[in-house]
Amino acid sequence: AADPSRWEATVDSSNSMVTLSNGAARLEVKVCTPNVTMVNFMETGTASPDTLVLHQRSWAPVTEATFDVTDESVRVGTTKLSLSISRNPLRLVFTDSNGTLLLDDGGSMSSHAIRFVKGTSGPMYGITGQLNQSLTVDGNLGIFAGSNGGAGAPFLWSTNGFGVLWDSDGGGTAIEPNSFAINQPTKVNFKYFLLAGRPREIFRGVGEVSGFPPLVPKYVVGFMNFEWGMIQTELLRHIEGYRSRKIPIDLFGIDYEWFNFGKDNYQEFE
């Protein structure tokens, strides 16, 4: 663990980043876009490779980013957001451009977990990689971004103006009315992204960080049928049933267990 004394700060304006160091421990805070900031906490000074959650890319310098270093704190700002990082003890407070509190980590940051107190209570939304019956998410949820049946970058957001996306294909989140905790047990560093703005701005930020999906082909907006666990004769019979009745169908999806199920994690076709 790092010494609790003040963290030393080094600003790299050409890369829109500030690094705080305390012995071997490092905290990197990088402005990626005016409303997206990366926070990378390396408790031992080293980092694991990024998971497939993150889109591998370089970030152009954000010319409007400002860094104000004082004896007590480091303030990072853009026209969309502000971060105040206390240097003794280490603590991160996230506000919007008007100074309205969005999130406060209360000094809870570690290499595997962090807990945020929300500036305003309210419902949370997001993606944890598992099926939900509701648009809202709450309680204790596991992260399954890389497993069969699970997809998406682990991501929580609120209509109160913030979103958090973190680099993990495991772990979980615990969501309460006024706070939420996130964790990732598989890496030696904890990398997450803070996003500010309206929902449209937040979701664009998610695309910037984790990659934009390709434009779907036109037939995907037509009529589709998916079936699970069938054999070839059944597949052909059902397709012929549509054709003989002159029912237009644009796609027939073959779900798993039609092929070599169980040979590996992704049930390849053979």
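Relevant structure appears above.
Predicted model only: the values in this text are computed from it and were never measured.

Draft legend 1. Representation of the environment of Leu92 in the model. Its location among the elements puts Leu92 in strand β8 (residues 90–96). The spacing of Leu92 and Arg75 is 17 residues in sequence and 9.7 Å in space, taken between C-alpha atoms. Contacts of Leu92, omitting those with residues within four sequence positions, involve Val39, Leu83, Ser84, Ile85, Leu103, Asp104, Asp105, Tyr192 and Leu194.

Draft legend 2. Structural view of the pattern of salt bridges. All told, the structure shown has ten salt bridges when counted by the stated rule. The partner of Glu8 in a salt bridge is Arg87, with the nearest N and O atoms 3.7 Å apart. Here the residue Glu8 occupies a position in strand β1 (residues 8–12), and Arg87 occupies one in strand β7 (residues 81–87), the gap between them amounting to 79 residues. What makes Arg87 buried here is its relative accessible area of 6%. What you see here is one network of salt bridges that share partners, running through Arg57, Arg204 and Glu208.

Draft legend 3. Main features of the environment of Ser82. Here Ser82 shows up in strand β7. Residues Ser82 and Ala196, 114 residues apart in the sequence, show an inter-C-alpha distance of 9.3 Å. Filtering out sequence-adjacent residues up to four positions away, Ser82 remains in contact with Val76, Gly77, Val93, Phe94, Thr95 and Asp96.

Draft legend 4. View of the sheet that holds strand β13 (residues 155–158). Strand order in the open sheet formed by eight strands is β1-β2-β3-β4-β17-β14-β13-β11, and the pairing between neighbours is antiparallel. On the outer flanks of this sheet lie β1 and β11 (125–127), each paired with one strand and no other. Strand-to-strand twist in this sheet, taken as the mean axis angle between neighbours without regard to direction, amounts to 15°. Pairing of strand β14 (residues 162–166) with strand β17 (residues 189–196) involves five bridges; the strand directions are antiparallel. Each residue of the ladder has a partner; that of Val164, found in β17, is Leu194. Its contacts with the sheet put helix α1 (residues 199–210) on β4 (36–42), β13, β14 and β17, and the angle it makes with β13 is roughly 165°.

Draft legend 5. Structural view of helix α2 (residues 232–244). An ideal rise of 1.5 Å per residue puts 18 Å on 13 residues; α2 measures up with 18 Å between its terminal C-alpha atoms. Taken together, the buried positions of α2 are occupied by Leu235, Gly241 and Tyr242. Summarising the axial view, the buried residues of α2 lie within an arc of 125°, below the 170-degree limit, and thus occupy one face. Pointing more than 90 degrees away from the buried face of α2 are the exposed residues Gln232, Thr233, Leu236 and Arg237. Buried residues in α2 make contact with β18 (224–227) and β19 (251–254). Once α2 ends, the next one or two residues include Lys246, with phi positive near 60°.

Draft legend 6. Focus on the packing of aromatic side chains. Tallying each qualifying case throughout the model produces nine aromatic pairs. Arranged with centres 5.1 Å apart and planes meeting at 35°, the rings of Tyr125 and Trp157 form a pair that is tilted. Here Trp157 lies in strand β13 and Tyr125 lies in strand β11, a separation of 32 residues in the sequence. No difference in accessibility class separates Tyr125 from Trp157, as the two residues are buried. Relative to Phe203, the ring of Trp157 lies with its centre 5.2 Å away and its plane at 80°, an arrangement referred to as edge-to-face. With Trp157 in strand β13 and Phe203 in helix α1, this residue pair connects regions lying 46 residues apart in the sequence. Under the relative-accessibility criterion, Trp157 is labelled buried at 12%.

Rules of the game
Residues numbered from 1 in each chain as written. Predicted model: local features only at pLDDT ≥ 70, side-chain atom pairs only at ≥ 80, totals over all residues. Heavy atoms only, no water. Helix = DSSP H or I, 4+ residues; strand = E, 2+ residues; numbered from the N terminus. Contact = heavy atoms within 4.5 Å. Salt bridge = Lys/Arg side-chain N within 4 Å of Asp/Glu carboxyl O. Buried < 20%, exposed > 50% of the residue type's maximum accessible area, 1.4 Å probe, protein only. Pairing = 2+ DSSP bridges. Axes fitted to C-alpha atoms, helices over the stretch in contact; angles between N-to-C directions. Expected span 1.5 Å × (residues − 1). Arc of directions from axis to C-beta. Phe/Tyr/Trp six-rings, centres within 6.5 Å; stacked < 30°, edge-to-face > 60°.

Function cannot be read off these values alone, since they describe shape.
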